[in-house]
Amino acid sequence: MKKAVIFDFNGTLFADSDKHREGWKRFLAKYGLDVDDEELRTHYLGRTNPYILKRVFGEDLAPELIAERTLEKEATYRQCCMEDPASFHLIAGAVAFLDYLKENGVDFTIATGSEYSNVDFYFDKFELGRWFDRSRVVLDDGSFPGKPAPDGYLRAAKVLGRDPADCIVFEDSISGVRAAHAAGIGQTVAITTEVSAERLLSYPGVVIAEPDFSDMIRIFEEVLSK
């Protein structure tokens, strides 16, 4: 049986970490706050909004304020994306690789820390329905902990009807690689959009693809599908 594939989205299929950084900075500025790049890299990228918002505003932040500020921040992030049309596209090689998987009968989905408004935005702007079933996308709906907890990848494997060991995960962040490892994912492919290959290789079973999907069909055929 062919292995199934689970994609992280942000930073993996869409190189948008700079937009999230700018979105958070603009959002926090409205509240008279600032954040440095190290804090952004370590505690913001790849994390869920409730985790970040509680870190910023305190653990006792009310659920209704978490929901309200999540929508506010993500609207700011989407504005940042639309302000930079030159970079608003799937990462190099992704379209060809997704076409390849579909043509070869490989089952795949997305497991993302993004919430519904951003996922709908991506499906609209990138026409993701060409490859993905929106109803099978695992996203941040507030019902499970975010990365590095394994829950998102465990849910995605269940959606695909596969054992996690029979799945391949594509990730770009340390927290995502840790989540895949904790879920018992068979193989994790790290795209080096944000984190160095050296840091990512410190986790067992990681295959490095740098810096995008341009060589992924060859890697899949020679390494991942064995």
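We now turn to the structure provided with this report.

Criteria and cut-off values
Residues numbered from 1 in each chain as written. Predicted model: local features only at pLDDT ≥ 70, side-chain atom pairs only at ≥ 80, totals over all residues. Heavy atoms only, no water. Helix = DSSP H or I, 4+ residues; strand = E, 2+ residues; numbered from the N terminus. Rg over C-alpha atoms; globule rule 2.2 N^0.38 Å. Contact = heavy atoms within 4.5 Å. Areas by Shrake-Rupley, 256 points an atom, 1.4 Å probe, with all protein chains shown as cover. Lys, Arg positive; Asp, Glu negative; His and termini not counted. Charge placed at Lys NZ, Arg CZ, Asp CG, Glu CD. Phe/Tyr/Trp six-rings, centres within 6.5 Å; stacked < 30°, edge-to-face > 60°. Buried < 20%, exposed > 50% of the residue type's maximum accessible area, 1.4 Å probe, protein only. Lys NZ or Arg CZ within 6 Å of the ring centre and 35° of its normal. Pairing = 2+ DSSP bridges. Axes fitted to C-alpha atoms, helices over the stretch in contact; angles between N-to-C directions. Core = buried A, V, L, I, M, F, W, Y, C linked by side-chain atoms within 4.5 Å.

For the rest of this paragraph, the subject is the overall build of the protein chain. Along its length, the protein chain carries 10 helices and five strands. For 226 residues, the compact-globule formula gives about 17 Å, and the C-alpha radius of gyration of the protein chain, at 17 Å, lands near that figure. Referenced to the eigenvectors of the C-alpha coordinate spread, the extents of the protein chain come out at roughly 50 × 35 × 35 Å. Nonlocal contacts in the protein chain, meaning residues at least 24 apart in sequence, comprise 65% of its contacts between residues at least 6 apart. Of the accessible surface of the protein chain, which amounts to about 10,200 Å², a share of 51% is contributed by carbon and sulfur atoms. Each charge sign in the protein chain was given a centre, from 27 positive and 39 negative side chains, and these centres are 3 Å apart.

For the rest of this paragraph, the subject is the packing of aromatic side chains. A complete count under the given rule lists 27 aromatic pairs for this structure. Pairing Tyr100 with Phe220 gives two aromatic rings, centres 5.9 Å apart and planes at 80°, and the pair type is edge-to-face. Linking Tyr100 in helix α5 (residues 94-103) with Phe220 in helix α10 (residues 216-224), this pair joins segments that are 120 residues apart in sequence. Phe220 carries the same exposure label as Tyr100, and that label is buried. Ring geometry for Phe170 against Phe213: centres 5.6 Å apart, planes inclined by 35°, an arrangement best described as tilted. One end of the pair, Phe170, is in strand β3 (residues 167-171); the other, Phe213, is in the loop between β5 (206-209) and α10, with 43 residues separating them in the sequence. In this structure Phe170 comes out as buried when scored by relative accessible area, which is 0%. The class of Phe213 is buried, set by a relative accessible area of 2%. Following the ring pairs from residue to residue traces out a cluster consisting of Phe7, Phe97, Tyr100, Phe108, Phe132, Phe170, Phe213 and Phe220. Above the ring of Tyr51, the side-chain terminus of Arg47 is found at 4.6 Å from the ring centroid. Looking at Arg69, its charged tip hangs above the ring of Phe57, at a distance of 4.3 Å from the centre.

Spatially, β2-β1-β3-β4-β5 is the arrangement adopted by the five strands of the open sheet, whose pairing is parallel. With one partner strand each, in any of the chains shown, β2 (108-110) and β5 form the two edges of the open sheet. The sheet shows a mean angle of 20° between the axes of neighbouring strands, taken without regard to direction. Strand direction decides the pairing type here: strand β4 (residues 187-191) and β5, joined by four bridges, are parallel. Within β5, the residue paired with Ile191 across the bridge is Ala209. Contacting β3, β4 and β5, helix α8 (residues 174-183) runs over the sheet at an angle of about 170° to β3.

As a further point, take the nonpolar core. Core analysis: the largest hydrophobic core is formed by 39 residues, its most contacted members being Phe7, Leu128, Phe132, Phe170 and Phe213. Here this core gets five residues from one element, more than from any other, and that element is α5. Once residues within four sequence positions are removed from consideration, Phe132 is found in contact with Phe7, Leu13, Leu98, Phe108, Thr109, Ile110 and Phe123.

Right, let's get into the environment of Lys226. Relative to the assigned elements, Lys226 resides in the segment after α10. Each C-alpha atom of the pair Lys226 and Lys2 lies 9.2 Å from the other, and the pair is 224 residues apart in sequence.

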